[in-house]
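# Chains, contacts and geometry: an overview
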Amino acid sequence: MIHMSRIQNIFNQKKQNVLNVYFTAGYPQLTDTLPVMKSLALSGVDLIEIGMPYSDPLADGPVIQDSSSKALLNGMSIQALFKQLEGFRKDHDLANVGVVLMGYMNPVLQYGFEKFCTDAASVGVDGLIIPDLPEYEFEEVYGSIIKKHGLDFIFLVTPETTEERVHKLDALSTGFLYAVSSSATTGGDKDFTAVETYLQKLQQMDLNNPVLVGFGIKDKTTFHSACKHANGAIIGSAFIQSLSSMNNISTEIKDFVNKIIG
Amino acid sequence: MKDFQQPTEQGYYGQFGGAYIPEMLHANVEELRQQYLTIMHEPSFIKDFELLLKDYVGRPTPLFLAERLSKQYNTTIYLKREDLCHTGAHKINNTIGQILLAERLGKTRIIAETGAGQHGVATATVCALKGLECIVYMGEKDIERQAPNVARMKMLGAKVIPATSGSKTLKDATNEAIRDWINHPHNTHYIIGSVVGPHPYPDLVAKFQSVISKEIKLQLKEKTGHELPTHIIACVGGGSNAAGAFYHFLNAPEVKIIAVEAAGHGVNSGMSAATSQLGKPGILHGSKSLLMQTDDGQVVEPHSISAGLDYPGIGPLHANLFETGRATFLSATDEEALNAAFHVSKMEGIIPALETAHAFAALDQLSFQQSDIVVICLSGRGDKDLGTYMQVMK
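Rules and cut-offs
Numbering of residues starts from 1 in every chain and runs along the sequence as written. Going through the entries in the order they are written, you letter the chains from A and number the ligands from 1. Under the rules for a predicted model, residues below a pLDDT of 70 receive no local features and side-chain atom pairs below 80 are neither given nor counted, while totals for whole chains, interfaces and linings still include all residues. Side-chain numbers come from the whole structure's heavy atoms, not from hydrogens or water. Helix and strand labels come from DSSP, where a helix needs a run of H or I of at least four residues and a strand needs a run of E of at least two; each type is numbered from the N terminus. Three labels apply to residues, based on accessible area from a 1.4 Å probe with only protein chains included: buried if under 20% of the type maximum, exposed if over 50%, partly exposed otherwise in between. Any two residues whose heavy atoms approach within 4.5 Å at even a single point are treated as in contact. Accessible surface is estimated by sampling points in the Shrake-Rupley manner with a 1.4 Å probe; for residues, cover comes only from the protein chains shown. Only four residue types enter the tally: Lys and Arg on the positive side, Asp and Glu on the negative side; His and the chain ends are excluded. Every charge is mapped to an atom, namely NZ of Lys, CZ of Arg, CG of Asp or CD of Glu. Strands qualify as paired when DSSP identifies two bridges or more between them. Angular values range over 0 to 180 degrees, each being the angle between N-to-C directions of two axes fitted as lines to C-alpha atoms, with helices fitted over their stretch in contact. Note that the term roughly parallel is reserved for angles under 35 degrees, roughly antiparallel for angles over 145, roughly perpendicular for angles of 65 to 115, and oblique for everything else. We define a polar contact as two N or O atoms separated by no more than 3.5 Å, with the added condition that, inside protein, one atom must be a possible hydrogen donor and the other a possible acceptor, whereas residues neighbouring each other in sequence contribute only through side-chain atom pairs. The directions from the helix axis to the C-beta atoms are what the arc is built from. The patch calculation keeps residues exceeding 30% relative accessible area without a salt bridge and links them within 9 Å when they carry like charges or within 5 Å when they are nonpolar (Val, Leu, Ile, Met, Phe, Trp, Tyr). The rule for a salt bridge is simple: a side-chain nitrogen of Lys or Arg has to be within 4 Å of a carboxyl oxygen of Asp or Glu. Per-residue confidence from the predictor is reported as pLDDT, which spans 0 to 100. Accessible surface is computed with a 1.4 Å probe, and the buried area is the amount of it that two parts give up when combined, taken over both parts together. When residues are grouped by polarity, Ala, Val, Leu, Ile, Met, Phe, Trp, Tyr, Cys and Pro land in nonpolar, Asp, Glu, Lys and Arg in charged, and all others, Gly among them, in polar.

Another point: the overall build of chain B. Across its full length, chain B holds 16 helices and 14 strands. Reported as C-alpha extents along the three principal axes, the dimensions of chain B are approximately 55 × 45 × 40 Å. Counting the 394 residues in chain B, one finds 65% classified as buried. Of all intrachain contacts in chain B linking residues separated by at least 6 positions in sequence, the fraction that spans at least 24 positions is 74%. Counting every atom, chain B has about 13800 Å² of accessible surface; 53% of that belongs to carbon and sulfur. Here chain B contributes 35 positively and 41 negatively charged side chains, and the mean placements of these two sets differ by 4 Å.

Another aspect to go through is the environment of B:Val375. All names here are of chain B. Along the polypeptide, Val375 turns up in strand β14 (residues 373-378). For the pair Val375 and Tyr190, spaced 185 residues apart in sequence, the C-alpha separation works out to 32 Å. If sequence neighbours within four positions are ignored, Val375 has contacts with Leu63, Tyr78, Lys80, Ile216, Leu220, Pro229, His231, Ile232 and Ile233.

Moving on: the sheet that holds strand β7 (residues 177-180) of chain A. Residue and element names in this part refer to chain A. As summarised here, the arrangement of the nine strands in space is β5-β4-β3-β2-β1-β9-β8-β7-β6, forming an open sheet in which the pairing is parallel. Bordering the open sheet on either side are β5 (152-153) and β6 (156-157), each of which pairs with just one other strand. Bridge analysis of strand β4 (residues 127-129) against β5 gives two bridges, and the strand direction is parallel. Residue pairing in the sheet places Leu128 in a bridge with Phe153 of β5.

All right, on to the packing of helix α14 (residues 334-348) of chain B against helix α15 (residues 354-361) of chain B then. Residues and elements named next belong to chain B. Contact geometry for α14 and α15: axes closest at 8 Å, N-to-C directions at 90 degrees. If you check the angle between α14 and α15, you find them roughly perpendicular. Here Glu336, Ala337, Leu338, Ala340, Ala341 and Val344 of α14 lie close against α15, whose contacting residues are Leu354, Ala357, His358, Phe360 and Ala361.

Here the focus is unusual backbone geometry. For the bond from B:Arg59 to B:Pro60, the omega torsion is 0 degrees, close enough to zero to count as cis. Its location among the elements puts B:Pro60 in the loop between α2 (43-57) and β3 (63-65). The step from B:His199 to B:Pro200 runs through a cis peptide bond, and the omega angle for that step is 15 degrees. With respect to the helices and strands, B:Pro200 occurs in the loop between β8 (188-191) and α9 (201-209). Of note in the backbone geometry, A:Phe215 takes a positive phi value of approximately 80 degrees without being a glycine. Relative to the elements of secondary structure, A:Phe215 occurs in the loop between β8 (211-214) and α10 (220-227). Residue classification places A:Phe215 among the buried residues on the basis of a relative accessible area of 8%. The backbone phi angle of B:Asn74 is positive, close to 55 degrees, even though this residue is not glycine. Assignment of secondary structure puts B:Asn74 in the loop between α3 (67-73) and β4 (76-81).

Residues and elements named next belong to chain B. In this fold, His189 is placed in strand β8. Polar contacts involving the side chain of His189 include one to the side chain of Gln98, which spans 2.8 Å. Residues contacting His189, with those up to four places away along its chain left out, are Leu32, Gln98, Ala102, Leu105, Lys107, Arg109, Ile110, Ile111, Trp181 and Tyr201.

An α-helix turns once per 3.6 residues; consequently, residues spaced three or four apart project the same way. All buried positions along helix α8 (residues 163-172) of chain A are accounted for by A:Arg165, A:Val166, A:Leu169, A:Asp170 and A:Leu172. Taken down its axis, α8(A) places every buried residue within 165 degrees of arc, on the same side. For α8(A), exposure combined with an orientation more than 90 degrees from the buried face picks out A:Glu164 and A:Ala171. On its buried face, α8(A) sits against α7 (135-148), β5, β6, β7 and α9 (192-203) of chain A together with α1 (23-41) of chain B.

Residues B:Leu386, B:Met390 and B:Met393 make up a contiguous nonpolar surface patch of roughly 310 Å² in combined accessible area. On the secondary structure map, B:Met393 appears in helix α16 (residues 386-393).

Moving on, we get to the pattern of salt bridges. Scanning the model with the defined rule gives 36 salt bridges over all chains in all. With a closest N to O distance of 3.1 Å, B:Arg33 and B:Glu30 form a salt bridge. Highlighted residues: B:Arg33 and B:Glu30, both in helix α1, separated by three residues, approximately one helical turn. The partly exposed category is assigned to B:Arg33, whose relative accessible area is 25%. Look at the salt bridges and you will find they share partners, linking A:Glu135, A:Glu139, A:Arg165, A:Lys168 and B:Glu23 into a network.

Any residue range with low pLDDT should be treated as having predicted coordinates unsuitable for detailed reading. Of the residues in chain B, 100% have a pLDDT of 70 or more, and the chain-wide mean is 96. Prediction confidence for the complex, expressed as pTM and ipTM, is 0.95 and 0.94 respectively.

Each strand in a sheet pairs with its neighbour through backbone hydrogen bonds, running either in the same direction (parallel) or in the opposite one (antiparallel). Residues and elements named next belong to chain B. The strand order across the open sheet built from four strands is β7-β6-β5-β8, with neighbouring strands paired in parallel fashion. Of all strands in the sheet, those bounded by a partner on one side alone are β7 (159-163) and β8. Within this sheet the neighbouring strands show an average axis-to-axis angle of 25 degrees, counted without direction. Here six bridges tie strand β5 (residues 109-114) to strand β6 (residues 133-139), and the two strands are oriented parallel to one another. Across the sheet, Arg109 pairs through a bridge with Glu133, a residue of β6.

Attention now goes to the pairing of strand β13 (residues 327-333) of chain B. Residues and elements named next belong to chain B. Taking burial as the measure, the seven residues of β13 include six buried ones, the bulk of the element. Alignment of strand β10 (residues 256-264) against β13, held across seven bridges, turns out to be parallel. Bridge pairing in β13 places Val260 opposite Leu330.

Listed as interface residues are 33 residues of chain B and, on the opposing side, 34 residues of chain A. A buried area of about 2800 Å², summed over both sides, lies between chain B and chain A, and 52% of it is on carbon and sulfur atoms. A per-residue breakdown of the area chain B buries against chain A is headed by B:Glu23, B:Met24 and B:Arg179, which together make up 24% of the total. On inspection of chain B and its partner chain A, the count reaches two salt bridges. The closest approach of N and O atoms between A:Asp56 and B:Lys171, which form a salt bridge, is 2.9 Å. Applying the counting criterion to the chain B and chain A interface returns 20 residue pairs in polar contact (both at pLDDT 80 or more). Among the secondary structure elements, those contributing two or more residues to the side of chain B that touches chain A are α1, α8 (170-183), β11 (280-284) and β12 (287-291) of chain B. Among the elements that make up the side of chain B that touches chain A, the one with the highest residue count is α8(B) (seven residues). Here the side of chain B that touches chain A is composed, by residue class, of 15 nonpolar, 10 polar and eight charged.

Now the structure itself:
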């Protein structure tokens, strides 16, 4: 039998309305990483995308950049994050949720790419999203290291990505494919009719991987319209915005998630 | 022989370069990568480029024998007068090239980042010339310290948008410009001002700026009978004037190449922009190069009195020159640069830009033979820095 990753298992069991929530590690407080993860998992979120803060996050809009700056001021780093994540799979509530790390190439390189993959896999992370790791470098240098450690790697596609390239990025990805709803930085307002046409096109391409839609998903309406033509969606900026004003993380995260999937 | 000019097809100079960009930028950068060489080699492009450089920019710029400085250092010193270019600096060589490229790519909206404002002014100028919309991102801190250039850009019809994130300087203006490009994937061309950014930018900017060393060779031949100097000296922030001044000498090992970085308050003061001394290999703005960063890989905020050198990286071409030892990297502090600016003004009747003053400051750190031929790239004029110079004179 072919070995299936935790993320592949999640999509095997649930083909629709898969919810992935992004948050920045160490935000709003340094020690909030695990409580936020736990509340998300308990609220029924399928995948958690943990942002590793970077000083110059090119693909992100102001909300995520702001949370990254605050997390860095709080003292967050890759090293600190792995320390916080140590043993999280032993927590019953977090045993089965999919966990993906999202971050930029430079901090990962400084940590040491191979060491990063070793440590990520050993704390129980399932996959990686590194938006500025281009497919050429992935094929030449980094892909084999990622695979060796049993981690999934998720590429992004946008409405500007040619069909041929979508197939190529799909073939290189494992776990899922991240469909950016429009060519834009995170957190903007999107015109969802255009997005639907684009997602329909992706749906007809017969891709190997399930597709999650990100950028511009902020509420029940946008979540469900994204899910119409994809396996699920990713919420980032809207969650960070809401997180920044929460007084009680565990109850308010539950409310936030309920409003989306309820 | 080792080729220091031409990157590989993937944009590498040694281990530096490449295109570390998110997928949202791929279509734009790929379009440029596939077309830039073809367009730049078209006879009509070459004709338009050369004509504008001649009639609009005022090229060739003179190669001036600086007699009093030569006497002081007991050698022969020539100044390549990029300060006499239209708009007052070498930056326009690149913006002329890129606006012609943008036209041929069918782009109607131009964006740029700027530090000292020279590149912003040069971009606003060519956009006015071609009647194209122009948006310039500039760090909030730089807007304050370079007010005359902000006014010039506005007068030329450009919209200046303050970058308010991070250190509010050139690095952040570049982030904002790249984000703008992500958000406008169809009609917009991004005119990068230095030999930085994802491939093919470092190469295309170096090629447009290489007119500087092309002219130096011809002018030296005419004046001295030899086309090669013994030393070529230029300041390096991102490194565009240096790339242009070095370009045609890179593969001639007998020419000593000297790059001068901004040491700020001193290389080890914690307030510096001397990237080659303080940086480690890393990725910023889409390419791998030397980068000032913490052990955790967060980009460090640099410091220089000169906004144009206040950048935590250097172009990948320069990183390779540093790593291979092909170029000597020196640095000058804020104070040394200021002293040099006043000295050159009094000795040669030329008020240099603060950036350029760093190149002159390096003269005190070098020793020359009487028979040497030293060329300094006088990259820009000092009008924009009068505010800073006036404070010193108080």
